[in-house]
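Residue-level structural notes
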Amino acid sequence: SIMVKGGRGGSKKKAQSKSAKAGLTFPVARIGRALRTMRLAKRYGAGGPVYLTAVIEYMAAEVLELAGNAARDNKKSRIIPRHITLAVRNDEELNKFLGGVTIASGGVLPNIHSVLLPKKSKKE
């Protein structure tokens, strides 16, 4: 039997966000709205924003995980831009992905070219 809208509402379901349905933390509806306002296509499916949100959430988690480790290595409890830079540049895949990206107040990886290091003296 087909439930007619407005007729004898037996079990009232509590409203559930798209993020909750997808088991995500990032906002699916907001990313969907942004996708719509960008006018990338005339129409898009319901799964598009969910997939995109999942990818963005995964990338954020990946960077935060590594940045958190970098912060811990420097005996700090807060992540600062420097920690994000160290995390990204020391990870091969993230470094490739964020190749043309500059992180503000991030600095650079500590690196001295071997040519510039002082010569090892022969007579000892």
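Below, the structure is looked at part by part. Everything numeric here is computed off the predicted structure, so don't read it as measured data. Along each chain, the written sequence defines residue order, and numbers are assigned to residues from 1. Whole-chain, interface and lining totals are the exception, using all residues; otherwise, since this is a predicted model, local features are given only for residues with pLDDT of at least 70 and side-chain atom pairs are given and counted only at 80 or more. Calculation of side-chain values draws on the structure's entire complement of heavy atoms; hydrogens and water are dropped beforehand.

Some words on the environment of A60
To qualify as a helix, a DSSP run of H or I must reach at least 4 residues; to qualify as a strand, a run of E must reach at least 2; elements of each kind are numbered from the N terminus. Considering the arrangement of structural elements, one finds A60 in helix α3 (residues 47-73). In this structure A60 comes out as partly exposed when scored by relative accessible area, which is 24%. Distance from A60 to F26, taken between C-alpha atoms, is 9.9 Å for residues 34 residues apart in sequence. Throughout, exposure labels follow a simple rule: accessible area from a 1.4 Å probe, protein chains only, divided by the maximum for the residue type, with under 20% read as buried, over 50% as exposed, and the rest as partly exposed.

Structural notes on a positive patch on the surface
Every patch collects residues that have over 30% relative accessible area and no salt bridge, joining them within 9 Å if they carry like charges and within 5 Å if they are nonpolar side chains (Val, Leu, Ile, Met, Phe, Trp, Tyr). Computed by Shrake-Rupley with a 1.4 Å probe, the accessible areas treat only the displayed protein chains as cover when residues are assessed. Take a side-chain nitrogen of Lys or Arg and a carboxyl oxygen of Asp or Glu: if they are within 4 Å of each other, that pair is a salt bridge. Asp and Glu count as negative and Lys and Arg as positive, but His and the ends of the chain are not part of the count. Charge positions come from single atoms, namely NZ of Lys, CZ of Arg, CG of Asp or CD of Glu. On the surface, a cluster of positive charge is contributed by K13, K18, K21, R30, R33 and R36. For the positive patch, the secondary-structure elements that each account for two or more residues are α1 (18-22) and α2 (28-37). Per-element accounting of the positive patch gives the leading share, three residues, to α2. Along the polypeptide, R30 turns up in helix α2. Its relative accessible area of 57% is what places R30 among the exposed residues.

Some words on α3
To estimate the expected span of a helix, subtract one from its residue number and multiply by 1.5 Å. Between the first and last C-alpha of α3 there are 39 Å, a value that for 27 residues agrees with the 39 Å anticipated at 1.5 Å per step. All of the buried residues along α3 are P49, T53, E57, V63, A67, A70 and A71. Buried residues along α3 sit in contact with α2, α4 (81-90) and α5 (92-97). Following α3 by one or two positions, K75 has its phi on the positive side, about 55 degrees. It only takes one pair of heavy atoms within 4.5 Å for two residues to be counted as in contact.

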